[in-house]
Amino acid sequence: MTGERDQDPATPFYDAPTGGWGSLKGVLRQATKSRIRLGVLETLRRQNKPGGHMCTSCAWAKPPSPHLAEFCENGAKATIWDLTRDRCGPDFFARHTVTELRNWPDHDLEAAGRLTHPLRYDAASDRYVETTFPEAFAAIGASLRGMDPKATVFYASGRASLEASYLYQLFARLYGHNNLPDSSNMCHETTSVALKRTIGAPVGTVVLEDFDHCDLMLFFGQNTGSNSPRFLHPIQQAKKRGCRIVTFNPIRERGLVEFMNPQNPAEMLTGRATPISDIYLQLRPGGDIAAIAGICKHLFDHSDLDRDFIARHCHGFDAFEAWVRAHPWDDIEAASGLSQGDLAEVAGLFAASKRVIGVYGMGLTQHVHGGDSVGMLVNLLLMGGHIGRPGTGICPVRGHSNVQGQRTVGISEKPELVPLDTLARMFDFDPPRDTGMTTVEAVRGVIDGTVRGFISLGGNFARAIPDLARAEPFWAALDLNVQIATKLNRSHLLVGKGAWLLPCLVRAERDMQKGGPQAVSMEDSLSHIHGSMGRRTPASRHLLSEPAIVAGIAKATLPPNPQVRWDDWIADYARIRDLIAETWPDQFDAFNERLFKAGGFYRGNSARRRDWKTESGKAEFTVPPGLSALGVMPGGDVYTLVTLRSNDQFNTTVYDYHDRLRGLEGDRMIVLISPSEMARAGLSEGQRVALVSAIADGVPRRVEGFTVTPYDLPPGCVAAYYPEANPLVPLDHHDLASKTPAYKGAPVRIEV
């Protein structure tokens, strides 16, 4: 179970450890392409350290005693990408029409360089043309004033700071709506819903110190090596002191196989890597519920439970036990793709461990029954009393660096999650109380015409969504499309009647306001708040910060309110942090005083204290509807599609065409499939095929031009890159509770 693959040697495979020389070469290649100046090295030296800037890539925690280089390969790439010497200004758009640019690949659009000037779309010339921020704010404000607020959507990507996010949600509510979806809707909203239901807190319970004490880590659907490589440092240290690690993932990802620390000279010189997973089980996509059920079934049969904890702290245990016992092993093996012996071995490790942490990523959340998968992992941890003790807990690993923090400070379509009465008192207005739009509902509104205006605070929304090919033509019908961005992307080219492109600072750049240089803040995956101070000279003198752009649009849109002082807040962001502390005093007390605390300050978690804020007042055992997280089971000519990010990619940003950690290079239009499935389907390596959605809802979904590529995958599934495969995921194929798109479990057919 832990050895190397035993398949055809010609199948693509990366046989070196994660990290090591390959990581250094990846950074150097990106640095060369971006033509960075030597000063960027000093920026990297301060990255993720007190007084420096926080990485715009992943949301992993920052230790109080940072390493010499407290950044990973992808974090370095993100900073280098931000600080490129290439520029994308008015002269670029004078040479290229929007229609032409729509045919450019995602990589080439962003590689054009940093946006330098505010721009408006001119339909007569089909080009973006230079404008000024005052002109843009006035025109956007006039358009918003003439629109029904509830027909507008204010989307936020996970990169925006707590300060920008707080102002953005306040602007939306002062304007009159709760349509505040963010990138969490497309990845970990399942976590927020499932954990709130089961343990009463919408985020994970683990802090960084817990990894110093755990005996066992269980990983589900999380690609640490590409998505959060700095996490490999505490994993490696835990492994060296004897912690056992078990991984469940359909794909054998190198980060959880072995790791070589690029900051350890002995490892680099000797080539000695640390094996990570003791057991690595390639289960079927969506098979996590069944796998956990098998572990629980073995524990029930051998009475390996913390019954005192269950009696004092849990509700619904008897119904869950009955559900598990009712499922025979044959059904569990069929749904998980794993054997009873494999699952019994994991159960034995679990029973022998005093402190267990459950770690997961989007392999759990992005399914039709993703919330039930998360609930099953909570069930397993509760059985051993592994929540609310040092060295234990549930640990969802978030993507974007502040995607969790945005929800914390009010970016939410759910009014019940926001202290609206407090906001009403502070700003003397009546906030809207109706539920706003999720990402899925916002896209549906674009398609059916009920959404008339769209503002995007960062991100590449139109490229990240499901059913993107179906939705793309309808963006042109919008009355207003405002994109706040650092680089050009596909969303900026789906222009409506009024389209504006407003360039902003990146986090590493100096943010000068009337009160002097400004710091911003963000929240990591482990609920710690960090200050960030940029020092680089901005790419253009025409750039504004994200808080300043939000405030500029808001001032031009809203009537005067003596309690709402946009100019004062932008002059000194400390005043925004005072507002956040007043709104959430129990989490942000002494916010400004603690802003640059080493390792960040912890905003707390009720479930970590075993204070269960659920309806029953206890932690909830939940019963899933079945053994699979999939909405449609594979079989016959139907496969389960799993979408992937490459090693040279962060979300929709494609830095290059190297997927080193999977042994893949070049073309992103590939479909990965096991050699046995290739033989069964009569396919040959290098053959060009189409993938077609197997959901019969009257909407044709087909993507041509995938190259068949053999890979080590379980039977019944295929894999392809995100966002290229997004058109195959229907808008309504999502987690039933959170509406997170089922990017890890869409049914497709292969057509020659």
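Every value quoted in this text rests on a predicted model; they were computed, and no experiment measured them. Each residue is numbered by its place in its chain's sequence as written, counting from 1. In keeping with the model being predicted, local features are shown solely for residues with a pLDDT of at least 70 and side-chain atom pairs are shown and tallied solely at 80 or more, while totals for entire chains, interfaces and linings include all residues. The basis for every side-chain value is the complete set of non-hydrogen atoms in the structure, without hydrogens or water.

Caption draft 1: Molecular detail of the overall build of the protein. Scanning the protein for helices and strands turns up 29 helices and 33 strands. C-alpha extents for the protein along the principal axes are approximately 70 × 60 × 55 Å. The buried label goes to any residue with under 20% of its type's maximum accessible area, the exposed label to any with over 50%, and the partly exposed label to all in between, with areas taken from a 1.4 Å probe on protein chains only. Expressed as a percentage of the 752 residues in the protein, the buried residues total 67%. Residue contacts are counted whenever heavy atoms from the two residues lie within 4.5 Å of one another. Sequence separation of at least 24 residues holds for 79% of the intrachain contacts in the protein that already meet a minimum separation of 6. For helices the rule is a DSSP run of H or I covering at least 4 residues; for strands it is a run of E covering at least 2, with both sets numbered from the N terminus onward.

Caption draft 2: Quick peek at the confidence of the model for the protein. With 98% of its residues at a pLDDT of at least 70, the protein reaches an overall mean of 94. Across residues 1-7, confidence stays below pLDDT 50; counting only partners more than four residues off in sequence or on other chains, it has 19 contacts. The quantity called pLDDT is the predictor's confidence in a given residue, expressed from 0 to 100.

Caption draft 3: Representation of the sheet that holds strand S6 (residues 152-156). Two strands make a pair as long as DSSP finds a minimum of two bridges between them. Across the sheet, which stays open at both edges, the 6 strands sit in the order S5-S4-S17-S16-S15-S6 with mixed pairing between neighbours. Each having just a single partner strand, strand S5 (127-130) and S6 make up the two edges of the open sheet. When strand polarity is set aside, the average angle formed by the axes of neighbouring strands in this sheet is 20°. Relative to S5, strand S4 (residues 119-122) runs antiparallel, the two sharing 4 bridges. The residue of S5 that forms the bridge with Asp-122 is Arg-127. The convention used is that axes are lines fitted to C-alpha atoms, helices contributing only their stretch in contact, and that angles between N-to-C directions extend from 0 to 180 degrees.

Caption draft 4: View of empty space enclosed by the protein. With a 1 Å grid spanning the protein atoms alone, the term cavity applies to any set of points in which a 1.4 Å probe fits but cannot get out, the term pocket to an open set with protein on both sides within 12 Å along at least five of seven lines, and the term lining residue to any residue with an atom within 4 Å of a point. Grid points are joined across faces, edges and corners, and a volume is the space filled by probe spheres set on the points. Scanning the model with the defined rule gives 9 cavities of 30 Å³ or more in all. Along the walls of the second largest cavity sit 16 residues, with Leu-505, Val-506, Arg-507, Val-520 and Glu-546 positioned nearest its centre. Three classes are used, and their members are as follows: Ala, Val, Leu, Ile, Met, Phe, Trp, Tyr, Cys and Pro are nonpolar, Asp, Glu, Lys and Arg are charged, and the others, Gly among them, are polar. Split by residue class, the lining of the second largest cavity holds 6 nonpolar, 5 polar and 5 charged.

Caption draft 5: Geometry of the packing of helix H7 (residues 133-145) against helix H25 (residues 546-557). Their axes nearest at 7 Å, the elements H7 and H25 cross at an angle of 50°. With respect to each other, H7 and H25 are oriented oblique. For the crossing formed where H7 meets H25, the hand is right-handed. Packed against H7, whose contacting residues are Phe-133, Phe-137, Ala-138, Ile-140, Gly-141, Leu-144 and Arg-145, the element H25 presents Ala-548, Ile-549, Gly-552, Ile-553, Ala-556 and Thr-557 at the interface. Tallied by class, the residues present in the contact of H7 with H25 amount to 9 nonpolar, 3 polar and 1 charged. In what follows, roughly perpendicular refers to angles from 65 to 115 degrees, roughly parallel to angles under 35, roughly antiparallel to angles over 145, and oblique to any angle outside these ranges. Two helices cross in a left-handed way if the nearer one is turned anticlockwise from the farther one by less than a right angle. They cross in a right-handed way if the turn is clockwise.

Caption draft 6: The arrangement of the layout of surface pockets in detail. The space that makes up the largest pocket amounts to roughly 800 Å³. Residue lining of the largest pocket: 25 residues in total, with Lys-196, Ala-201, Pro-202, Gln-587 and Arg-603 positioned closest to the centre. With 4 residues, the single largest contributor to the lining of the largest pocket is helix H9 (residues 189-198). When its residues are assigned to classes, the lining of the largest pocket shows 6 nonpolar, 9 polar and 10 charged.

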